[in-house]
Amino acid sequence: MIVLLALVVLGTLLVGTLFAAMLDRSHLSIVAFFARQRVETEAPDRLNRDLAPAWYLTLAGAGLSVVPFAPGLALIDSPVGIVIWGSCEALVIVTVFLHGWSPNAPFPLIGAYRYAAIGLPVMLPSMFVLIAAALPAESLSLIAIVESQREIWNVIRQPLGLPLFLIVALAMTLRGPMDYADAADIATGTSAEASGAGRALWQTARLAMLVSVSAIAATVFLGGPLGPLLPGPVWLWLKTAALMALIVLLGNRIARTTPSRMMWILWVVLLPLSFLHLLISGLVAL
Amino acid sequence: MTLTIVLLGATALVGIGLYGALSQQSFVMLMMGLELMLNGALLAIIGFWSLSLGGMPEGQLMAIIVMAVMAVELAIGFALIVAVYRKRQADVTESIDTLRQ
Amino acid sequence: MTDLLVALLAVCAVWTGWRVFRVDSMVRATFSLMLSFVAVGAIGVLLSAPYIGVATVFMMAVEMMVMAIFMVMFMMNPAGLNPMSMVHQHRVSIGAGVLAFFGLAAAILVSRPPSNPVAPDADVVTELGLELLGPSMLIFETAGVTLLATMVGAVILSSRQGRFGSADEGSRPPGLTEGGDPAGQRPDGGGGGHHHHGGHG
């Protein structure tokens, strides 16, 4: 059973990444990176430069492994599944920072610091939203959270949850309005000095993270594998695919603001909003 | 047996942390020493809770308190560093050897 | 099996903890410390404390990221890829560390703590939650109030505009040599210093 679940997780990650590449129309550029030469910077931190894309990919896999593919059935059936995902989010910030810091070059470093400064306040709404989703389930386990949505999905019960989490998802996948790490305004930021297979792997990992974060959002807010007629995994895949398309659309449609203004938005607007969300969810769950 | 391994690891962490806290000149590195000592404490608490106390819930509470202490230490520590930096434009302990002026 | 894994992780935690003070760069030191915490968190998960273990990883990843940001604010070489050794009272520190280790280790090896492991089917996360909001609620709330006080204190300590004027007024960088000329920028020389004198009317 565990082997089967592991295969399902890996297959979802693989097919999902391909689907994300299709949505993003980035498959050609990723393949092209394999043919490019590697760029060497002066005195880089080789270990972290080479490992950062692999860590990003690993975190995407770890995040997906706590998602239940059928009611009561997840690869990592942990009583604290949602905290594991939270740790993955926190470690993504560390990974992106290391990816930008390790080449020892200006633009990547700027991207890394910008992302760290934006990513840390993004953690706060993320945690409040996830805790609010755990309230009606009375458990931190994602399986219990799915079970708690049998009658009504969290997206209806906690209307602020999904929009707030989509912002987190944009930050986790370095996309659109939250892309302060790899943005074009600083010459692709943390990956400015990356080329060749490492760059291709980094882009792939971003797409894999899109799969992972969408699967978590589908589980927490859209009832995950719950649904009529079709079997559980199919429902999860459909919901995940829809959320992936939504996130890609949002990333393409919404403009990015300056880091200082985004900082203001995060601390002054989104943090109180997530407090309010937690309060409402708590009162509703009573 | 497991408890002894865990506690020896915790002890080593405390020892290394003490060395760091005493020897480092940079405030940030000094705080890393303190964090490492708290890490050792956390490990010891987890070990005792899991293997010697039969999982009484107060043990987990203790671990949570240690984490809160770490957060407080980090926040106040960095605020103090900022305050000292404003006054002396330096981030090493020698810069506040005399607290006059 | 668990013994072996725990031992490996403990060695890993100690080794990365030791690397914190051996590596050249502060970024490496910070994330080496984070790895040490991650190893401790993994030991927690192995020793049936899933919430404490995973929460440690989460907390420390965020905390070390904060540390890295602050470190760069104050370090002379932000990328931190130059050799670095800034130590004082080195011998005393080594002595203290070794003494602490051997003293505590002796205490551990001599003492016989009771063997009373967690029941395998215990729902420790629920127990923790009931404890936090039940018998120990006062302690938990005290921690919350302490954190609030910390936030207020941190903001006050680190604000530039203090009660008695600008916090960096008259600040003078330390000399490059003993009693020598100050290094770096001079705040009184204009330029960098933003003095706010509004509000005195």
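On a predicted model such as this, the values are computed, not experimentally measured, just so you know. (Residues numbered from 1 in each chain as written. Chains lettered and ligands numbered in written order. Predicted model: local features only at pLDDT ≥ 70, side-chain atom pairs only at ≥ 80, totals over all residues.)

Enquirer: Talk me through the overall build of chain B; I want residue IDs and the actual numbers.
Expert: The number of helices and strands found in chain B is three helices and zero strands. Going from N to C terminus, chain B has its helices and strands arranged as α-α-α. Restricting to contacts in chain B with at least 6 residues of sequence separation, those with at least 24 account for 51%. (Helix = DSSP H or I, 4+ residues; strand = E, 2+ residues; numbered from the N terminus. Contact = placed C-beta atoms within 7 Å.)

Enquirer: Quick rundown of the overall build of chain A? Include the residues and the values.
Expert: Along the backbone of chain A there are eleven helices and two strands. Sequence-ordered secondary structure for chain A, helices as α and strands as β, is α-α-α-β-β-α-α-α-α-α-α-α-α. Computed over the C-alpha atoms, the radius of gyration of chain A is 18 Å, within 12% of the 19 Å expected from 2.2 N^0.38 for a compact globule of 286 residues. Considered along the principal axes of its C-alpha atoms, chain A spans approximately 55 × 45 × 30 Å. By the burial criterion, 57% of the 286 residues in chain A qualify as buried. Within chain A, contacts between residues separated by at least 24 positions form 81% of all contacts whose residues are at least 6 apart in sequence. (Rg over C-alpha atoms; globule rule 2.2 N^0.38 Å. Buried ≥ 20, exposed ≤ 12 C-beta atoms within 10 Å, placed from the backbone.)

Enquirer: Please provide a residue-by-residue account of helix α1 (residues 2-23) of chain B, values included.
Expert: For α1 of chain B, spanning 22 residues, the distance from its first C-alpha to its last is 32 Å, which sits close to the expected 32 Å at 1.5 Å a residue. With 19 of 22 residues buried, α1 of chain B is to be regarded as a mostly interior element. (Expected span 1.5 Å × (residues − 1).)

Enquirer: Please provide a residue-by-residue account of the confidence of the model for chain B, values included.
Expert: Residue and element names in this part refer to chain B. Looking at chain B as a whole, the pLDDT averages 82, with 86% of positions reaching at least 70. The secondary structure element of chain B with the lowest average pLDDT is helix α3 (residues 57-88), at 84, and the one with the highest is α1, at 88. With a pTM of 0.84, the predicted complex shows an ipTM of 0.84. (pLDDT = per-residue confidence, 0-100.)

Enquirer: How would you summarise the interface of chain C and chain B if you had to cite specific residues and measurements?
Expert: Contact residues are listed per partner, giving 78 residues for chain C and 69 residues for chain B. At the level of elements, α1 (2-19), α2 (26-46), α3 (50-74), α4 (90-110), α5 (124-132) and α6 (137-158) of chain C are the ones that each hand at least two residues to the side of chain C that touches chain B. The greatest single-element share of the side of chain C that touches chain B, amounting to twelve residues, is contributed by α4 of chain C. For the side of chain C that touches chain B, the per-class residue count stands at 52 nonpolar, 20 polar and six charged. (Nonpolar A, V, L, I, M, F, W, Y, C, P; charged D, E, K, R; others polar.)

Enquirer: Can you break down the interface of chain C and chain A residue by residue, with the values?
Expert: Counting residues at the interface gives 19 residues for chain C and 24 residues for chain A. When residues of the side of chain C that touches chain A are traced back to their parent elements, those giving at least two are α2 and α3 of chain C. The element best represented in the side of chain C that touches chain A is α3 of chain C, accounting for 13 residues.

Enquirer: So, α2 of chain C: which residues are in play, and what are the values?
Expert: All names here are of chain C. Over its 21 residues, α2 extends 30 Å from the first C-alpha to the last, a length consistent with the 30 Å expected when each residue adds 1.5 Å. Across the 21 residues of α2, 20 count as buried, placing the element largely inside the fold. Looking one or two places after α2, you find Ser48, whose phi comes out positive at around 55°.

Enquirer: Pulling in residues and values, what's your account of the nonpolar core?
Expert: Residues Phe97 of chain A together with Ile43 and Ala61 of chain C are the most contacted members of the largest nonpolar core, which totals 184 residues. Among the elements that make up this core, the one with the highest residue count is helix α5 (residues 106-137) of chain A (18 residues). Each residue touching Ala61 of chain C, except ones within four places of it in the same chain, is listed here: Ser87, Ala90, Leu91 and Val94 of chain A together with Met34 of chain C. (Core = buried A, V, L, I, M, F, W, Y, C linked by C-beta atoms within 7 Å.)

Enquirer: I'd love a proper account of the packing of helix α1 (residues 2-24) of chain A against helix α3 (residues 46-65) of chain A, names of residues and values included.
Expert: All names here are of chain A. Between α1 and α3, the shortest axis-to-axis distance is 10 Å and the interhelical angle comes to 125°. If you check the angle between α1 and α3, you find them oblique. Crossing hand, α1 versus α3: right-handed. Counted together, Val9, Thr12 and Leu13 of α1 and Ala60, Gly61, Leu64 and Ser65 of α3 form the full contact between these two elements. A per-class count over the contact of α1 with α3 returns four nonpolar, three polar and no charged. (Axes fitted to C-alpha atoms, helices over the stretch in contact; angles between N-to-C directions. Parallel < 35°, antiparallel > 145°, perpendicular 65-115°, else oblique. Left-handed = near helix turned anticlockwise from the far one by under 90°.)

Enquirer: Outline the packing of α1 of chain A against helix α9 (residues 196-221) of chain A, supporting the account with residue identities and numerical values.
Expert: All names here are of chain A. Viewed as axis vectors pointing N to C, α1 and α9 meet at an angle of 110°, and their least axial separation amounts to 8 Å. In this view, α1 runs roughly perpendicular relative to α9, as classed from their interaxial angle. On α9, the residues touching Thr12, Leu13, Gly16, Thr17, Ala20, Ala21 and Asp24 of α1 are Thr204, Leu207, Ala208, Leu210 and Val211. A class-by-class count of the residues in the contact of α1 with α9 yields seven nonpolar, four polar and one charged.

Enquirer: I'd love a proper account of the environment of Tyr56 of chain A, names of residues and values included.
Expert: Residues and elements named next belong to chain A. Tracing the backbone through its elements, the reader meets Tyr56 in helix α3. Remark: the alpha-carbon pair of Tyr56 and Ala208, spanning 152 residues in sequence, is separated by 8.7 Å. Filtering out sequence-adjacent residues up to four positions away, Tyr56 remains in contact with Val92, Thr95, Trp202, Ala205 and Met209.

Enquirer: Account for unusual backbone geometry, naming residues and giving values.
Expert: Across the chain, the bulk of peptide bonds are trans and the bulk of non-glycine residues have phi less than zero. Look at Leu174 of chain A: it is not a glycine, yet its phi comes out positive at around 50°. With respect to the helices and strands, Leu174 of chain A occurs in the loop between α8 (161-172) and α9.

Enquirer: How would you summarise the environment of Phe21 of chain C if you had to cite specific residues and measurements?
Expert: With respect to the helices and strands, Phe21 of chain C occurs in the loop between α1 and α2. Residues Phe21 of chain C and Ala42 of chain C, spaced 21 residues apart in sequence, show a C-alpha to C-alpha distance of 22 Å. Apart from the residues within four sequence positions on either side, Phe21 of chain C is in contact with Tyr19, Gly20 and Gln24 of chain B.

Enquirer: Which residues make up the environment of Gln24 of chain B, and what values do they have?
Expert: Residue and element names in this part refer to chain B. The topology assignment puts Gln24 in the loop between α1 and α2 (27-51). The exposure class of Gln24 is buried, given the 24 C-beta atoms found within 10 Å. Taking the C-alpha atoms as reference points, Gln24 and Gly9, 15 residues apart in sequence, are found 22 Å from one another.

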